[in-house]
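# Summary of the model geometry
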Amino acid sequence: MTSGGKRANELDLVACSLCGMVCDGRSECETHRLDCPRCGSALSVRKRHSHARSAAYLIAALVLYIPANVYPVMYTKMLGNEADSTIIGGIVEFWESGSWDIALLIFLASVAVPCTKFIALGYLLWNRNASEHALVSKTRLLKFVEGIGYWSMLDVLVVAIVAALIQFQALGEAEPRLGIVFFGSVVVLTMLSALSFDGRLTWDRKVDHG
Amino acid sequence: MHSALIMSVARAHPHLMLCEHCEEIYDRTLMVPGASYYCSRCGSRLAKGSILSVQAWLAWTITSACLFVFANTFPVAIISLDGLNSKATVLQSISALAQGPGTPMAIAAGIVIIGIPGFQIALLLWMLSFAALGKPCPYFVVIMRCLHLSRPWGMTEVFLLGVLVAIVKLSSYLHVVIGAGVVSIALLAPLMVVITKHDTEELWRLYEGPA
């Protein structure tokens with residue numbers, strides 16, 4: 001199945017980022033514009049400024065995660081009870097009302113997933129261990145981070161749906177609050193960070209350092 | 001000299017493929033179609049394997065389109081209080097939310113739960129209808145690029161979970177019953193994964209032509 005276990009850089013090959021066609025001219029496309037013969041996209045070896053962009057999105061997300069947790073995400077007024085709830089407050093409320101399963105679900109989506117992404121992406125960006133074993137686990141970690149990322153959107157959608165459903169009810173009122181805008185931005189920024197991260201750069205270190 | 005003017009087309013090797021994570025080179029001609037392969041170096045999945053024929057893919061896309069319409073037009077929740085019933089569909093709820101101070105939320109939620117899945121289904125319907133007849137559709141590359149870029153942003157699965165959590169949350173104050181819309185979303189969520197994450201190599205070969 002393999003062609004002698006070679007990597008693309010050894011044979012001057014590059015794959016089109018859109019259609020996957022393998023083409024000659026890896027070294028050339030850094031300096032000239034070289035088009036994919038199948039789909040006409042410009043060929044490039046790596047995502048541009050991958051680590052810098054990924055790190056920038058990650059840091060922005062980390063900063064916004066603070067107001068996302070401090071500001072309330074939703075205002076509710078039901079059966080005379082007025083309340084501004086934060087993300088953590090919402091989890092505690094579910095926990096205390098006995099719905100520990102829902103509390104756990106929201107905890108996973110709103111706290112565990114974003115924190116895992118911060119730690120995992122930080123590790124991928126700044127850890128320089130290039131042993132074969134470390135590279136294989138880093139590749140798995142990146143795929144895992146890409147896979148779990150969008151589940152954090154859960155809380156944003158819950159707030160939107162609760163607020164939307166309650167619009168029809170005379171006795172209840174629910175409005176999204178500032179915190180959810182911050183939280184939504186955190187989710188989008190961490191997703192952008194993972195998408196800008198080019199996993200192939202991790203493998204380049206292996207080649208560079210022998 | 002303007003280096004941008006020197007444009008050229010690279011020589012292609014249609015029988016090769018690269019592992020997208022570590023760029024190990026593999027020979028497609030040695031791979032059995034439909035089987036899945038893993039990179040011997042980094043363990044990533046190489047080819048997803050065409051689990052569906054183009055016709056079956058189109059059929060599932062049509063099914064998804066129907067379910068998408070049902071998911072947006074059937075009520076997701078029936079809220080009753082003191083004998084008064086109100087039924088809410090996704091579309092109604094989102095547009096009601098957009099009237100008030102929740103406009104940015106309504107736009108964001110609308111994009112990930114209605115806009116992107118609807119857009120993906122429409123593009124796939126157009127492209128696969130032509131592909132089923134053995135022709136590449138007009139604007140093929142633009143459509144492939146749109147599908148490629150929108151792939152991470154469709155969130156039907158998360159939406160399903162969100163509706164269920166929202167209903168549980170409201171049921172502590174009001175009497176809430178799950179509507180037929182939720183059933184449609186539950187069926188649509190796995191189908192969206194199948195139709196949007198399917199391997200596109202076969203379509204690219206069709207686009208390339210028999211040459």
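### Brief notes about the overall build of chain A
- Within chain A, the secondary structure is distributed over seven helices and seven strands.
- Secondary structure of chain A in N-to-C order comes out as β-β-β-β-α-β-β-α-α-α-α-β-α-α.
- Taken over the C-alpha trace, chain A has a radius of gyration of 22 Å; the compact-globule value for 210 residues is 17 Å, which it surpasses by more than 25%.
- Each principal axis of the C-alpha atoms in chain A carries an extent, and together these give about 70 × 35 × 35 Å.
- The contacts of chain A with a sequence gap of at least 6 include a subset with a gap of at least 24, amounting to 61%.

### Quick notes on the overall build of chain B
- Broken down by element type, chain B carries seven helices and six strands.
- Along chain B, helices (α) and strands (β) appear in the sequence β-β-β-α-β-β-α-α-α-α-β-α-α when read from the amino end.
- In summary, chain B has a C-alpha radius of gyration of 22 Å against a globular reference of 17 Å for 211 residues, an excess of more than 25%.
- Judged by the C-alpha coordinates and their principal axes, chain B covers about 70 × 45 × 35 Å.
- Buried residues in chain B amount to 36% of all 211 residues.
- Within chain B, contacts between residues at least 6 apart in sequence are counted, and of these 59% link residues at least 24 apart.

### Observations concerning the sheet that holds strand β7 (residues 172–176) of chain A
Residue and element names in this part refer to chain A.
- The strand order across the open sheet formed by three strands is β6-β5-β7, and the pairing between neighbours is antiparallel. Edge positions in the sheet fall to β6 (81–85) and β7, since each has one partner strand and no second. When the angles between neighbouring strand axes are averaged without regard to direction, this sheet yields 10 degrees.

### Re the interface of chain B and chain A
- Counting from both sides, the interface comprises 69 residues of chain B and, opposite them, 69 residues of chain A.
- Ranked by the residues each element gives to the side of chain B that touches chain A, the list is headed by helix α5 (residues 156–171) of chain B, at ten residues.
- Class assignment of the residues belonging to the side of chain B that touches chain A gives a composition of 47 nonpolar, 14 polar and eight charged.

### Side note on the pairing of β6 of chain A
Residue and element names in this part refer to chain A.
- With five bridges connecting them, strand β5 (residues 74–78) and β6 associate as antiparallel partners. Across the sheet, the residue bridging to Met74 is Ser85, located in β6.
- Between β5 and β6, which pair antiparallel one after the other, the connecting turn spans two residues, and Leu79 there sits at a positive phi close to 50 degrees.

### Quick word on the packing of helix α5 (residues 153–166) of chain A against helix α6 (residues 178–196) of chain A
Residues and elements named next belong to chain A.
- Two numbers describe how α5 lies on α6: the axes approach to 9 Å, and their chain directions differ by 145 degrees. For the pair α5 and α6, the crossing hand works out as left-handed. Where α5 abuts α6, its residues Met153, Asp155, Val156 and Val159 lie against Ile180, Phe183, Gly184 and Val187.
- Within the contact of α5 with α6, the residues separate by chemical class into six nonpolar, one polar and one charged.

### Notes on the environment of Ile178 of chain B
All names here are of chain B.
- Its place among the elements puts Ile178 in strand β6 (residues 175–178).
- Given 16 C-beta atoms within a 10 Å radius, Ile178 is considered partly exposed.
- For Ile178, the contacting residues outside a window of four places in its chain are Ala77 and Ile167.

### Here's the deal with the domain arrangement of chain B
- The domains assigned to chain B are domain 1 (1–49) and domain 2 (54–208).
- Summarising the inter-unit geometry, the C-alpha centres of domain 1 of chain B and domain 2 of chain B are found 32 Å apart.

### Here we look at the domain arrangement of chain A
- The domain boundaries assigned to chain A delineate domain 1 (1–45) and domain 2 (50–208).
- Centre-to-centre separation of domain 1 of chain A and domain 2 of chain A, based on C-alpha positions: 35 Å.

### Some points on the sheet that holds strand β4 (residues 75–81) of chain B
All names here are of chain B.
- Spatially, β5-β4-β6 is the arrangement adopted by the three strands of the open sheet, whose pairing is antiparallel. The open sheet has two edge strands with one neighbour each: β5 (84–89) and β6. Direction aside, neighbouring strands of the sheet carry axes that sit 20 degrees apart on average.
- Judged from the four bridges that link them, β4 and β6 form a sheet pairing that is antiparallel. Paired with Ile79 across the bridge in β6 is Val176.

### Some details on the pairing of β7 of chain A
Residues and elements named next belong to chain A.
- Of the two faces of β7, the one holding Gly172, Ala174 and Pro176 is buried and the one holding Glu173 and Glu175 is not buried anywhere.
- Here β5 pairs with β7 via five bridges, running antiparallel. The residue of β7 that forms the bridge with Met74 is Pro176.

### Brief notes about the nonpolar core
- Among the nonpolar cores identified, the biggest contains 120 residues, and Met153, Leu157, Val159, Ala160, Val162 and Leu165 of chain A are the most heavily contacted of them.
- Once residues lying within four places of it in the same chain are set aside, the contact partners of Ala160 of chain A are Pro176 of chain A together with Leu97, Met105, Ala106 and Ala109 of chain B.

### Points about helix α2 (residues 90–99) of chain B
- Among the residues making up α2 of chain B, those that are buried are Val90, Ser93, Ile94 and Leu97 of chain B. For α2 of chain B, the angular spread of buried residues about the axis comes to 95 degrees, placing them on one side.
- On its buried face, α2 of chain B sits against α5 of chain A together with α1 (54–73), β4, β5, α3 (103–132) and α6 (180–196) of chain B.

### Focus: unusual backbone geometry
All names here are of chain A.
- Of note in this structure, Asp12 is not a glycine but carries a positive phi near 60 degrees.
- Mapped onto the fold, Asp12 is located in the loop between β1 (2–7) and β2 (13–15).
- Notably, His49 is not glycine yet its phi reads approximately 45 degrees, a positive angle.
- Examined against the element boundaries, His49 turns out to sit in the loop between β4 (33–35) and α1 (50–70).

Cut-offs and rules
Residues numbered from 1 in each chain as written. Chains lettered and ligands numbered in written order. Predicted model: local features only at pLDDT ≥ 70, side-chain atom pairs only at ≥ 80, totals over all residues. Helix = DSSP H or I, 4+ residues; strand = E, 2+ residues; numbered from the N terminus. Rg over C-alpha atoms; globule rule 2.2 N^0.38 Å. Contact = placed C-beta atoms within 7 Å. Buried ≥ 20, exposed ≤ 12 C-beta atoms within 10 Å, placed from the backbone. Pairing = 2+ DSSP bridges. Axes fitted to C-alpha atoms, helices over the stretch in contact; angles between N-to-C directions. Nonpolar A, V, L, I, M, F, W, Y, C, P; charged D, E, K, R; others polar. Left-handed = near helix turned anticlockwise from the far one by under 90°. Domains from an automatic or database assignment. Core = buried A, V, L, I, M, F, W, Y, C linked by C-beta atoms within 7 Å. Arc of directions from axis to C-beta.

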